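Tertiary structure, described
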Protein chains: 2
Amino acid sequence: MGRLRWRVAAAVLPWVLRWLRYGRRRRRLRREVLFFPSQVTCTEALLRAPGAAPSALPDSCPCGLPHGESSLSRLMRALLAARVSLELCLFAFSSPQLGRAVQLLHQRGVRVRVVTDCDYIGPPGSTRSHLVLSAGIQVRHDQDLGYMHHKFAVVDRRVLITGSLNWTTQAIQNNRENVLIMEDDEYVRLFLEEFERIWEEFNPRKYTFFPQKKKSH
Amino acid sequence: MGRLRWRVAAAVLPWVLRWLRYGRRRRRLRREVLFFPSQVTCTEALLRAPGAAPSALPDSCPCGLPHGESSLSRLMRALLAARVSLELCLFAFSSPQLGRAVQLLHQRGVRVRVVTDCDYIGPPGSTRSHLVLSAGIQVRHDQDLGYMHHKFAVVDRRVLITGSLNWTTQAIQNNRENVLIMEDDEYVRLFLEEFERIWEEFNPRKYTFFPQKKKSH
């Protein structure tokens with residue numbers, strides 16, 4: 001009987017260890033839903049250079065906006081957590097705050113790659129132009145007749161950010177939108193595969209010029 | 001020493017049982033990612049009336065389209081699994097197949113509620129008009145100045161379907177899009193709360209008429 005007990009204990013121990021390990025890992029995994037429109041808040045504190053004095057913002061910021069958390073600030077925090085890589089696959093990308101966050105990551109040495117729809121290659125001065133010309137970030141454009149309508153980002157090949165939100169000030173401040181932030185290996189893998197397919201398909205070495213796009217949505 | 005072993009076994013047993021239960025539950029939970037554009041396939045077999053002969057479709061279907069699985073058919077299957085309730089919160093909803101699926105659910109006694117953006121109240125003959133006039137489904141319209149840009153559904157208060165896809169033929173057949181299908185209590189709760197907020201806000205007893213919408217996106 002004593003041996004049987006030992007055997008039972010030996011048989012269940014690996015399961016218990018896996019359960020404990022899974023439980024710990026699960027608690028750490030990030031899962032968040034952001035709903036928009038976002039309150040308009042000051043996000044300068046998130047965007048300050050690493051060397052800036054910690055006390056400079058937000059207490060002394062003269063902008064007059066609230067300095068609390070908002071859906072936009074949470075989205076920016078999720079992006080700014082990147083240390084190694086950031087893939088962006090966005091139908092539209094013109095939000096100045098999100099553009100600055102991406103630029104900051106590039107300056108910090110994060111490998112940033114951006115795909116947008118070719119209908120949204122902005123004019124000089126737009127976020128897209130700014131990213132390419134000022135910051136030197138790699139940007140490619142989906143030129144298929146259909147829209148590249150994704151709105152997702154992958155942070156450090158670990159966290160997926162996806163939802164209905166186009167990264168524009170109009171959408172952030174006015175629309176009802178949702179964004180999921182999920183630390184999920186399986187989803188990350190599938191969305192990265194989709195990113196790589198588009199990234200390779202619109203390698204500038206392969207294409208010639210921008211075709212006319214359909215106007216229906 | 002014998003007692004100690006028993007105590008250890010008694011202490012780990014609840015954990016093992018929880019782990020086993022959790023494992024089983026986890027295997028059952030639905031998690032799927034659909035990418036679009038979807039192959040154009042025949043979906044008539046999914047939409048046939050419950051009393052129709054099982055052999056009538058798809059083998060004898062004369063449409064000439066492939067009858068295999070596609071992203072659209074998987075999305076329809078996820079919807080048609082509804083037995084009790086279906087909440088739809090959609091910026092645009094004009095796909096005939098998805099419209100028929102929703103109508104079928106209503107005919108089967110599923111409680112269907114639809115919110116769309118008021119810019120997408122279609123003309124007579126559109127999916128929206130069809131849903132309201134022919135099928136008697138409850139449809140409400142977000143009339144805020146910003147867009148109601150969500151694209152989500154909740155099936156039986158158990159499964160969340162959400163992503164970038166507007167429910168239009170153009171988007172389904174031509175655009176690069178993603179849709180997540182997730183059996184996830186926490187996400188379902190948050191998205192249902194968002195649905196109920198919008199549903200109550202645009203209760204027709206409360207509002208007067210449709211205001212002018214902004215044109216920017």
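These numbers were taken from a predicted model, which means no experiment stands behind them.

A tally of helices and strands in chain A yields 7 helices and 7 strands. From first element to last, N terminus to C terminus, chain A shows the α and β order α-β-α-α-β-α-β-α-β-β-β-α-β-α. A fraction of 77% describes how many contacts in chain A between residues 6 or more apart in sequence connect residues 24 or more apart. Put simply, chain A shows about 10700 Å² of open surface, and 54% of that area lies on carbon and sulfur atoms.

Tallying the contact residues gives 52 residues for chain A and 52 residues for chain B. Across the chain A/chain B interface, buried area totals approximately 4800 Å², and carbon plus sulfur atoms make up 56% of it. At the surface where chain A touches chain B, the tally comes to 10 salt bridges. Across the salt bridge formed by Arg31(B) and Asp184(A), the nearest N and O atoms sit 2.9 Å from each other.

So, on to the UniProt feature "domain: PLD phosphodiesterase" (unreviewed entry) in chain A. Cross-referencing UniProt, the feature "domain: PLD phosphodiesterase" (unreviewed entry) maps to residues 144-171 of chain A in the present numbering. Between the C-alpha atoms that bound residues 144-171 of chain A there is a distance of 24 Å. The span itself is 11% helix and 36% strand.

Residues and elements named next belong to chain B. The element strand 6 (residues 159-163) is largely enclosed, with a buried count of 5 among its 5 residues. Here strand 6 shows no split at all, with Val159, Ile161 and Gly163 on one side and Leu160 and Thr162 on the other all buried. Of the pairings in the sheet, the one linking strand 5 (residues 151-155) to strand 6 comprises 4 bridges and is antiparallel in character. Bridge pairing in strand 6 places valine 154 opposite leucine 160. Once strand 5 ends, the chain turns through 3 residues before running back antiparallel as strand 6, passing aspartate 156 with a positive phi of about 55°. Strand direction decides the pairing type here: strand 6 and strand 7 (residues 177-183), joined by 5 bridges, are antiparallel.

Quick look at the packing of aromatic side chains now. For the structure on display, the rule yields 10 aromatic pairs over all chains. Here Phe152(A) and Phe191(A) contribute two aromatic rings whose centre-to-centre distance is 4.9 Å and whose plane-to-plane angle is 80°, an arrangement assigned as edge-to-face. Here Phe152(A) is found in strand 5 (residues 151-155), whereas its partner Phe191(A) is found in helix 7 (residues 185-201), with 39 residues between them in sequence. Residue classification places Phe152(A) among the buried positions, given a relative accessible area of 0%. On the accessibility criterion, Phe191(A) (0% relative accessible area) is buried. Consider the rings of Phe195(A) and Trp199(A), whose centres lie 5.6 Å apart with planes at 20°: the pair is stacked. Pair noted here: Phe195(A) and Trp199(A) are both in helix 7, with a separation of 4 residues, about one helical turn. Both residues of the pair, Phe195(A) and Trp199(A), belong to the buried class. Following the ring pairs from residue to residue traces out a cluster consisting of Phe35(A), Phe152(B) and Phe191(B). The ring of Trp199(B) has Arg140(B) sitting right over it, with the charged end atom 3.9 Å from the ring centre.

The next point concerns the packing of helix 3 (residues 71-80) of chain A against helix 4 (residues 96-107) of chain A. Residues and elements named next belong to chain A. In contact at an axis separation of 10 Å, helix 3 and helix 4 are set at 15° when each is read in the N-to-C sense. It follows from the interaxial angle that helix 3 and helix 4 lie roughly parallel. With respect to the hand of their crossing, helix 3 and helix 4 are arranged in right-handed fashion. Here Leu72, Leu75, Met76, Leu79 and Leu80 of helix 3 lie close against helix 4, whose contacting residues are Gln97, Leu98, Ala101, Leu104 and Leu105. Considering only residue class, the contact of helix 3 with helix 4 consists of 9 nonpolar, 1 polar and no charged.

With the rule as written, the count across this model stands at 28 salt bridges over all chains. Here Arg176(B) and Asp142(A) are joined by a salt bridge, their closest N and O atoms 2.6 Å apart. Separated into two different chains, Arg176(B) in the loop between helix 6 (169-174) and strand 7 and Asp142(A) in strand 4 (residues 138-142) make up a pair that spans both. Just as Arg176(B) is buried, Asp142(A) falls in that class too. Sharing partners across several salt bridges, the network here consists of Asp142(A), Asp144(A), Glu201(A) and Arg176(B).

This paragraph deals with the relation of the copies chain A and chain B. Under the fitted operation, chain A is carried onto chain B by 0.1 Å of movement along the axis and a turn of 180°, and the coordinates agree to an RMSD of 0.4 Å. The transformation relating the two chain copies, once decomposed into turn and shift, fits a two-fold axis. Of all interface residues in chain A, 100% are interface residues in chain B too; the two copies therefore contact each other through one and the same surface.

Scoring rules and cut-offs
- Residues numbered from 1 in each chain as written.
- Chains lettered and ligands numbered in written order.
- Predicted model: local features only at pLDDT ≥ 70, side-chain atom pairs only at ≥ 80, totals over all residues.
- Heavy atoms only, no water.
- Helix = DSSP H or I, 4+ residues; strand = E, 2+ residues; numbered from the N terminus.
- Contact = heavy atoms within 4.5 Å.
- Areas by Shrake-Rupley, 256 points an atom, 1.4 Å probe, with all protein chains shown as cover.
- Buried area = accessible area lost by both parts, 1.4 Å probe.
- Salt bridge = Lys/Arg side-chain N within 4 Å of Asp/Glu carboxyl O.
- UniProt positions renumbered as here; feature names shortened; annotations may be inferred.
- Buried < 20%, exposed > 50% of the residue type's maximum accessible area, 1.4 Å probe, protein only.
- Pairing = 2+ DSSP bridges.
- Phe/Tyr/Trp six-rings, centres within 6.5 Å; stacked < 30°, edge-to-face > 60°.
- Lys NZ or Arg CZ within 6 Å of the ring centre and 35° of its normal.
- Axes fitted to C-alpha atoms, helices over the stretch in contact; angles between N-to-C directions.
- Parallel < 35°, antiparallel > 145°, perpendicular 65-115°, else oblique.
- Left-handed = near helix turned anticlockwise from the far one by under 90°.
- Nonpolar A, V, L, I, M, F, W, Y, C, P; charged D, E, K, R; others polar.
- Least-squares fit on C-alpha atoms with pLDDT ≥ 70 in both.

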